[in-house]
Amino acid sequence: MNASVFFLALRRMRAPLIVLIVIYALSTLGLTLIPGIDAQGQPAPPMSFFHAFYFVSYTASTIGFGELPVAFSEAQRMWVSVVIFLSVIGWSYSIISLLSLVQDKGFQQVLLTARFGRRIRQLGEPFYILCGCGETGLLIARALDREGIRVVAIERDEARIQELELEDFAADILALCADAAQPQQLLMAGLEHRSCRGVLAITDDDSANLAVAIASRLINPRLMVVARVASPAIERNMMSFGTHYVVNHFEKFADYLAQAIHSPNWFRLVDLLTGLPGQEVPERHDPPAGDWIVCGYGRFGQAVVRNLTRQGVRLTVIEPDSSLPINVHHIVGHGTEAEPLRQAGIETAVGIVAGGDSDTNNLSIAMTAKEVNPDLFVVVRQNRVANQVLFDAYDADFTMVPSRIVARECLALITSPLLARFLGLVRSWPEARAAAIAKQLEELCGQRVPLVWGVRINAADAPAVHRLLMMEQATMALGVLRRDPAAHQESLPLLPLLLVRDGRDHELPVDEMMLQPGDQLLFAGTRVAKAAQNLSLDNRNALDYVLTGRDAQGWLWRLLSQSGKAAARDTTRP
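Because the structure is predicted, anything quoted here is derived from the model rather than measured.

Chemist: Account for a nonpolar patch on the surface, with residues named and values stated.
Modeler: Nonpolar side chains collect at one region of the surface, where Phe 6, Phe 7, Leu 10, Leu 17 and Ile 21 lie side by side and expose about 500 Å² of accessible area between them. Contributing elements (two or more residues each) for the nonpolar patch: α1 (2-12) and α2 (14-33). Here Phe 6 lies in helix α1.

Written out as structure tokens, the structure is:
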């Protein structure tokens, strides 16, 4: 890439350089042909090539040392006058051409690309490639930056790149203005880099996301690939060639809504575990069972109808298009007027979903429906985060924001891969059990969304524990990882959710359960608790203290432990 920048500059500056070379050559040649005079005023031989070139060099650059080595003859002075004007013209032309080259957008892009590639090659820490820096990408980039995970972004909209660069990130976001659907751009972003951990294809274009997923799976199959999609056909295509995770925000929200109607406590637990850590606990959603109305039968509307019907909910669809399937009970209309709503039974319905592509129409539907039936449970689709002020002012019972759904799913997959497995197990839980765990998490985290993280008992993630179990053949209970390394009699504000051993799942493992090398654990708690637990996992002195209660670390270690906890506590403050 550096060579291409050099040769591009030479190609664009070819004409000015040729002009300068010709001017210097003619000027030097003239001085070697024109006779001079000596100190006594007698004719003397012309200047040598060396002296002629030396004189032209400092004269053309306006330095001007004078007539060297001796005074010039009249003919030489006449020629030097011509040389001066020619060199001014030549250098002016060259400088103007150089300024034009520097200001050229294409050349600037080449320079930025070369600098981007050089910084990618120098990366030595794990990173993820983020394809698409819209509303969803910005949310993911902020969250990953808070977790200390580096991000390399590819976005074809230059305005979004500039917006990303203005963000106050702890670590620089390496951004490339390019089309992520082109494999060479993915390679430039580090697709084959040894530190690359995964690719997030979250652009607004399903076709581009499909291209990114295919390229990633072919070029570097070891990487985790997460793709956003809205089309069911493209979703099936992605799954067919082994894309690890496909996030269909329409299907995901529709599934959550259906489960919230059927099992509100299950949804409450899911809402807590997949939220953005450290934020206030989200408002509880308890959509009622009964007759529902869905306005709009696009991709989102179809997903809602499909999932609610699966749960036995009675539905009426309001859609301007009359050519809906026979098995879908529908009313022709938009839903922004009261008459189609009344025909759909708004007076007796318990809930309505305003799921169109227009935010203003969705708000109009919700307001009209609420006037007719004030007790209605209102679900509104928000298409753009920029309209958040309007949706905050309306304060719907449940708001569907695609960018937030995709961001939450991607973050959960990156920071805690076991979470998806755990949520699948939670579906079979009784309501009382889900409610108890949700309440326990809220109390542990002080009405804040808990941080969810995974731990693997191996030499990389838990060196101190792994050495104890493997090298020393000692035993250790799970409850040890819940003790405070600064005060072993106190428990950390965390809860073990899942233990995976030899492919078997152990839900909510008890403190007495003995750990084994290779175990995978899923925890939920505060960021302070995670930082404290990391001390026990990584440091043998801290582990011995929580095991035995004997303080062999000294006052300095205790001071460092408390300082680390205080620093972690500061990062959780909103």
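After that view of the structure, there is still more to cover.
Chemist: Which residues make up the packing of aromatic side chains, and what values do they have?
Modeler: Following the criterion strictly, the structure yields 12 aromatic pairs and no others. Here the aromatic cluster, defined as three or more aromatic residues joined through ring pairs, consists of Phe 250, Phe 253, Tyr 256, Trp 266, Phe 267, Phe 300 and Phe 398. Over the ring of Trp 429 we find Arg 433, and its NZ or CZ is 4.3 Å from the ring centre.

Chemist: Tell me about the pairing of strand β7 (residues 224-229), and please be specific about residues and values.
Modeler: Counting buried residues along β7, 6 of its 6 residues qualify, which places the element largely inside the surrounding structure. Going residue by residue along β7, you find Met 224, Val 226 and Arg 228 tucked away on one face and Val 225, Ala 227 and Val 229 tucked away on the opposite face as well. In this fold, the crossover linking strand β6 (residues 196-201) to β7 by way of helix α9 (residues 206-219) has right-handed handedness. Across 4 bridges, β7 lies against strand β8 (residues 245-248) in parallel orientation. Bridge pairing in β8 places Val 226 opposite Tyr 245. Running through helix α10 (residues 232-240), the crossover from β7 to the neighbouring parallel element β8 is right-handed.

Chemist: Describe the pattern of salt bridges, naming the residues involved and giving the relevant values.
Modeler: Under the definition given, this model contains 28 salt bridges. As a salt-bridge pair, Asp 204 and Arg 160 come within 3.9 Å of each other at their nearest N and O atoms. Residue Asp 204 is found in the loop between β6 and α9, and its partner Arg 160 is found in helix α7 (residues 158-165); the two are separated by 44 residues along the sequence. One salt bridge in this structure joins Asp 286 and Arg 284, with 2.9 Å as the shortest N-O distance.

Chemist: With reference to specific residues and values, describe helix α21 (residues 527-538).
Modeler: Helical periodicity: at 3.6 residues per turn, an α-helix aligns residues three or four positions apart in one direction. Taking 1.5 Å as the rise per residue, α21 with 12 residues should run 16 Å; its terminal C-alpha atoms sit 16 Å apart, in good agreement. Along α21, the residues that are buried comprise Arg 527, Val 528, Ala 529, Ala 532, Gln 533, Ser 536 and Leu 537.

Chemist: So what about the environment of Leu 478? Which residues, and what values?
Modeler: Structurally, Leu 478 is set in the loop between α20 (463-470) and β16 (483-484). Taking the C-alpha atoms as reference points, Leu 478 and Val 510, separated by 32 residues in sequence, lie 7.3 Å from one another. Residue contacts for Leu 478: discarding those within four places in its chain leaves Pro 496, Pro 509, Val 510, Asp 511, Met 513, Leu 515, Leu 521 and Phe 523.

Chemist: Tell me about the sheet that holds strand β15 (residues 451-456), residues and numbers included.
Modeler: With antiparallel pairing, the 4 strands of this open sheet are ordered in space as β15-β20-β18-β19. On the outer flanks of this sheet lie β15 and β19 (504-507), each paired with one strand and no other. On average, adjacent strands in this sheet sit at an angle of 20 degrees to one another, irrespective of strand direction. Packing of helix α18 (residues 418-426) onto the sheet brings it into contact with β15, β18 (494-501), β19 and β20 (520-525), and relative to β18 it is tilted by some 90 degrees.

Chemist: Hey, could you go over the nonpolar core for me, with residue numbers and the actual values?
Modeler: Ranked by internal contacts, the top residues of the largest apolar core, which has 55 residues, are Leu 257, Leu 269, Leu 273, Trp 292 and Phe 422. The dominant element in this core, judged by the number of residues it contributes, is helix α11 (residues 249-262), at 8 residues. In this structure, Leu 273 is in contact with Leu 419, Phe 422, Leu 423, Leu 441, Val 452, Leu 497 and Ala 524, ignoring residues within four places of it in sequence. By size, the runner-up hydrophobic cluster in this structure holds 27 residues, among which are Phe 127, Ile 154, Val 199 and Leu 210.

Chemist: Can you explain the side chain of Arg 381? Please cite residues and give values.
Modeler: Inspection of the secondary structure assignment puts Arg 381 in strand β13 (residues 377-381). A polar side-chain atom of Arg 381 sits 3.3 Å from the main-chain carbonyl oxygen of Gly 355.

Chemist: I'd like a description of the packing of α20 against helix α22 (residues 540-548), backed by residues and values.
Modeler: Any two packed helices are characterised by the angle at which their axes cross and by the distance between the axes. Closest axis-to-axis distance for the α20/α22 pair is 8 Å, and the angle between their directions is 65 degrees. Looking at the two axes, α20 sits roughly perpendicular to α22. The two elements α20 and α22 meet at a crossing, and its hand is right-handed. Of the residues in α22, those in contact with Ala 464, Val 465, Arg 467 and Leu 468 of α20 are Arg 540, Leu 543 and Leu 547. Residue composition of the contact of α20 with α22, grouped by class: 5 nonpolar, no polar and 2 charged.

Chemist: Mind laying out the side chain of Asp 271, listing which residues take part and the relevant values?
Modeler: Mapped onto the elements of the fold, Asp 271 is located in helix α12 (residues 264-273). Side chain to side chain, Asp 271 and Arg 408 meet in a polar contact 2.8 Å long. Among residues more than four places away in sequence, those in contact with Asp 271 are Pro 282, Glu 283, His 285 and Arg 408.

Rules used throughout
- Numbering of residues begins from 1 in every chain and follows the order in which that chain's sequence is written.
- Per-residue local features are limited, in this predicted model, to residues with pLDDT of at least 70; the limit for side-chain atom pairs, both in listing and counting, is 80 or more; totals at the level of whole chains, interfaces and linings are taken over all residues.
- Here the side-chain values reflect all heavy atoms present in the structure, with hydrogen atoms and water set aside.
- Exposure above 30% relative accessible area and the lack of any salt bridge qualify a residue for a patch; like charges then connect within 9 Å, and the nonpolar side chains Val, Leu, Ile, Met, Phe, Trp and Tyr within 5 Å.
- Only the protein chains shown count as cover for residues, with accessible areas throughout obtained via the Shrake-Rupley method and a probe of 1.4 Å.
- In the sections that follow, a salt bridge refers to a side-chain nitrogen of Lys or Arg positioned within 4 Å of a carboxyl oxygen of Asp or Glu.
- Where helices and strands are cited, they refer to DSSP runs of H or I of at least four residues and of E of at least two residues respectively, numbered from the N terminus.
- Centres within 6.5 Å make a pair out of two Phe, Tyr or Trp rings, where for Trp the six-membered ring is used; the pair is then stacked when the planes are under 30 degrees apart, edge-to-face when over 60, and tilted otherwise.
- Counted as over-ring charges are cases with an Arg CZ or a Lys NZ within 6 Å of the ring centre that also lie within 35 degrees of the ring normal.
- When a residue's accessible area, from a 1.4 Å probe over protein chains only, is under 20% of the maximum for its type it is buried; when over 50% it is exposed; and in between it is partly exposed.
- A clockwise course of the path from the first strand over the helix to the second, judged with the strands pointing away from the viewer, identifies a crossover as right-handed.
- One requirement defines pairing of two strands: DSSP has to find at least two bridges between them.
- A helix is expected to span 1.5 Å for every residue after the first.
- Here, two residues are considered to be in contact whenever any of their heavy atoms come within 4.5 Å of each other.
- To obtain each axis, a line is fitted to C-alpha atoms, and for helices this fit is confined to the stretch in contact; angles are then taken between N-to-C directions over 0 to 180 degrees.
- Throughout this description, the term nonpolar core refers to a set of buried Ala, Val, Leu, Ile, Met, Phe, Trp, Tyr and Cys residues connected via side-chain atoms within 4.5 Å.
- In the analysis that follows, any N or O atom pair within 3.5 Å is treated as a polar contact, provided that within protein one partner can donate a hydrogen and the other can accept it, and provided that, for residues neighboring in sequence, both atoms belong to side chains.
- When describing relative orientation, an angle under 35 degrees is termed roughly parallel and one over 145 degrees roughly antiparallel, while 65 to 115 degrees is termed roughly perpendicular and anything else oblique.
- Here is the rule for handedness: rotate from the far helix to the near one, and if that takes an anticlockwise turn smaller than a right angle the crossing is left-handed, while a clockwise turn gives right-handed.
- Residue polarity follows a fixed list, in which Ala, Val, Leu, Ile, Met, Phe, Trp, Tyr, Cys and Pro are nonpolar, Asp, Glu, Lys and Arg are charged, and the others, Gly among them, are polar.

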